[in-house]
Amino acid sequence: MYYEPATQTSGLPHSPFSACCVPRPIGWISTVSRSGVNNLAPFSQFQNVTFDPPTVLFSACGTPAKDTLANAEATGEFVWNMATYAQRDQVARSAMPYPPEVDEFEEIGIETLPARRVRPLRVAGSPVHFECLVRHVLEIPGKIPEANAKIVVGEVVGIHIRDDVIDGEGRVDIGRIRPLARLGYLDYTVVERSFELENPDFQVLHHNPEVDHGAGISEND
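Presented here is a report on the structure given in the accompanying data block. Counting of residues starts from 1 at the beginning of each chain's written sequence and follows it residue by residue. Totals for whole chains, interfaces and linings use every residue, but because this is a predicted model, local features are given only for residues with pLDDT of at least 70 and side-chain atom pairs only at 80 or more, for both listing and counting. The basis for the side-chain values is all heavy atoms of the structure; hydrogens and waters are excluded.

## Regarding the pattern of salt bridges
This is how it is decided: Salt-bridge detection follows one rule: a side-chain nitrogen of Lys or Arg within 4 Å of a carboxyl oxygen of Asp or Glu. Numbering of helices and strands starts at the N terminus; helices are DSSP runs of H or I of at least 4 residues and strands are runs of E of at least 2. Relative accessible area decides the class of each residue, using a 1.4 Å probe on protein chains only: under 20% of the type maximum gives buried, over 50% gives exposed, and in between gives partly exposed.
All told, the structure shown has 6 salt bridges when counted by the stated rule. For the salt bridge of E196 with R171, the shortest nitrogen-to-oxygen distance reads 3.9 Å. Taken as a pair, E196 in the loop between β12 (188-190) and α6 (202-205) and R171 in the loop between β10 (149-161) and α5 (174-177) lie far apart in primary sequence, 25 residues in all. Judged by relative accessible area, which is 46%, E196 ranks as partly exposed. Across the pair R178 and E192 runs a salt bridge, and its minimum N-O distance is 2.3 Å. Linking R178 in the loop between α5 and β11 (180-182) with E192 in the loop between β12 and α6, this pair joins segments that are 14 residues apart in sequence. Judged by relative accessible area, R178 falls into the partly exposed class, the value being 28%. Its relative accessible area of 47% is what places E192 among the partly exposed residues.

This is the structure in structure tokens:
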């Protein structure tokens, strides 16, 4: 099939666009308002941007702005919490549209940990956290209000990795973590299996163990 989204529809019962851009990491983002109300919500559009400085982004769609976006813009801070299969029910519940005055951590019963460089709380059960400072907010206009988007780009200023998810070779053990990933429609998946494909330039580009250029796809990249 072929269609041009600007002038045509797919003719399918549901748009296939989001179902093709998969799997997508879950952006389980925690923020805090200026008045001190904690917020936690998952985002389907989340990704890393570059490695030096380590930078990530998440995209928030819709009008009016979601609490996460409003808080991140107002305070300049957020935390990304890695969502796992074991936390799937909490992730789903945190996606509900709670009023701004509701603390999702308290409402859902999610245990927290403090951050070191930023004010937002961390999800205690998550094995990895990125503490982030907002560096850019980009507006992407949509054809309808629900499609208006803002991309929040954050510099990662603090990284927490639980010791028990680092294997004997010093790699993050993704199979042990079982992170959630977003598919299309209402579907999710879990990363349980990986395999290695080595790029011919992999060894050359990875001479510095602190630098990950993404040149190869390895077991725990």
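On we go from here.
## A look at the pairing of strand β9 (residues 128-140)
Stated precisely, the cut-off is as follows: In this description, strands pair whenever DSSP reports at least two bridges between them.
Bridge count between strand β6 (residues 77-81) and β9: 5 bridges; the pairing is antiparallel. For V79, the partnering residue across the bridge sits in β9 and is E131. Pairing between β9 and β10: 12 bridges, direction antiparallel. What sits directly across from H129, in β10, is H160.

## Considering the sheet that holds strand β4 (residues 46-51)
In a beta sheet, neighbouring strands are held together by backbone hydrogen bonds and run either parallel or antiparallel to one another. Note the following rule: Helix axes use the C-alpha atoms of the stretch in contact, all axes being lines fitted to C-alpha atoms, and the angles between their N-to-C directions lie in the range 0 to 180 degrees. Here a residue-residue contact requires only that any non-hydrogen atoms of the pair lie within 4.5 Å.
Taken together, the 7 strands give an open sheet; going across it, the order is β3-β2-β6-β9-β10-β5-β4, and neighbouring strands pair in antiparallel fashion. Every other strand in the sheet has two partners, leaving β3 (38-43) and β4 as the edge strands with one partner each. Averaged over all pairs of adjacent strands, the angle between their axes in this sheet comes to 35 degrees, without regard to strand direction. Bridge count for strand β5 (residues 54-61) against β10 is 7 bridges, and the pairing is antiparallel. Counterpart to S59 in the pairing with β10 is I151. Running over the sheet, helix α2 (residues 67-75) touches β2 (27-32), β3, β5, β6, β9 and β10 and is turned about 55 degrees from β2.

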